[in-house]
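Examination of the molecular architecture
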Amino acid sequence: MRVICTNNYEAMSRAAAAVMAAQIIAKPDSVLGLATGSSPIGLYQDLIAGCKAGDLDFSRITTVNLDEYAGLPGTHDQSYRYFMDHNLFDHVNIDIARTNVPSGVAPDPQAECERYEALLRKLGPADIQLLGMGRNGHIGFNEPDDHFTAPTHVVELTASTIEANARFFASADQVPKKALTMGVGAIMRAKRVLVVVSGPDKAQAVRDAFAGPITPQVPASILQLHPDVVLAGDKAALEGLIEAGVSVCG
Ligand code: F6R
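Below is a summary of the structure that appears in this document. These numbers were taken from a predicted model, which means no experiment stands behind them. (Residues numbered from 1 in each chain as written. Predicted model: local features only at pLDDT ≥ 70, side-chain atom pairs only at ≥ 80, totals over all residues. Heavy atoms only, no water.)

The ligand sits among 14 residues. The nearest are Ser 39, Asp 67, His 138, Gly 140 and Lys 202. Within the side chain of Ser 39, one N or O atom sits 2.5 Å away from an oxygen atom of the ligand. Note that an oxygen atom of the ligand is positioned 2.6 Å from one of the side-chain N or O atoms of Lys 202. Protein coverage of the free-state accessible area of the ligand, which is 410 Å², stands at 93%. (Near = heavy atom within 4 Å. Polar contact = N/O pair within 3.5 Å; in protein donor to acceptor, adjacent residues only side chain to side chain. Areas by Shrake-Rupley, 256 points an atom, 1.4 Å probe, with all protein chains shown as cover.)

What follows concerns the nonpolar core. Leu 47, Met 133, Val 195 and Leu 223 are the most contacted members of the largest nonpolar core, which has 64 residues in total. Here this core takes 7 residues from helix 1 (residues 9–26), the largest share from any one element. Look past the residues within four positions of Leu 223 in its chain and what remains in contact with it is Leu 131, Ile 139, Ile 187, Met 188, Val 193, Val 195, Phe 210 and Val 229. Judged by nonpolar contacts, the second largest core, of 11 residues, contains Tyr 69, Tyr 80, Leu 157 and Phe 169. (Core = buried A, V, L, I, M, F, W, Y, C linked by side-chain atoms within 4.5 Å. Buried < 20%, exposed > 50% of the residue type's maximum accessible area, 1.4 Å probe, protein only. Helix = DSSP H or I, 4+ residues; strand = E, 2+ residues; numbered from the N terminus. Contact = heavy atoms within 4.5 Å.)

Before going further, it helps to examine the sheet that holds strand 4 (residues 67–69). Sheet architecture is open: 3 strands sit in the order 4-8-7, paired in antiparallel fashion. At either margin of the open sheet sits one strand with a lone partner, and together these are strand 4 and strand 7 (153–156). Averaged over neighbouring strand pairs, the angle between their axes works out to 25 degrees when direction is ignored. One ladder, built from 4 bridges, connects strand 7 with strand 8 (residues 178–181); its direction is antiparallel. Counterpart to Val 154 in the pairing with strand 8 is Leu 180. Most of the contacts of helix 4 (residues 109–123) go to strand 7, to which it runs at about 130 degrees, and overall it touches strand 7 and strand 8. (Pairing = 2+ DSSP bridges. Axes fitted to C-alpha atoms, helices over the stretch in contact; angles between N-to-C directions.)

Here it is in structure tokens:
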């Protein structure tokens, strides 16, 4: 694992965006695995700036998102499809038909998971998979559990995730209780994984994931077995790792 330690969110976003930009430049028809949430917003803004400056061309890029809330249509302002359109896709020269997010309103969520998994298999491993991390160590919506789940699946969100995400809704009651998520299988098949973390709220999860045992109780800990992980974080998020003696640069 390579750890890029920066002073703050903006510097973390810039460093992580550089990794993503390098991938797009090196392979203009890359498959990018994408994430939503607060952590990657700055990175997406940097990619948008790169595209507007003429440095980045998204015209042959394909994207696969990690997850979607069950029950929210793509027009709902808290759906992950809406997030991606507004925070990235609407501002770059991507072919929207090549952007993929699981549907939150498919009549049969299980069948939608199977469709999405078949799509992931057809597209092949993501060239790079971007991940944020939950405070409980979740990646995508792979929540702490007594086993790892490999394929795309329907999950019940934990109380801690509902509480963390309530900030985006009028109240915690309005946060959907279920989601569809890529499993750890497709995440681990990605050729490279780029994890972005910021702020003291993430410090314990980062330490548990990368300096603790590999356990489904900390889903991100499976990344210790991935051969090419880049972890980009600010000092506040990486503090626990630094204390645990993991070598960091930047
Ligand atoms: C988002 C996702 C989640 C988030 C995680 C961190 O698509 O899959 O795992 O990455 O909840 O969220 P933020 O970045 O908002 O702290």
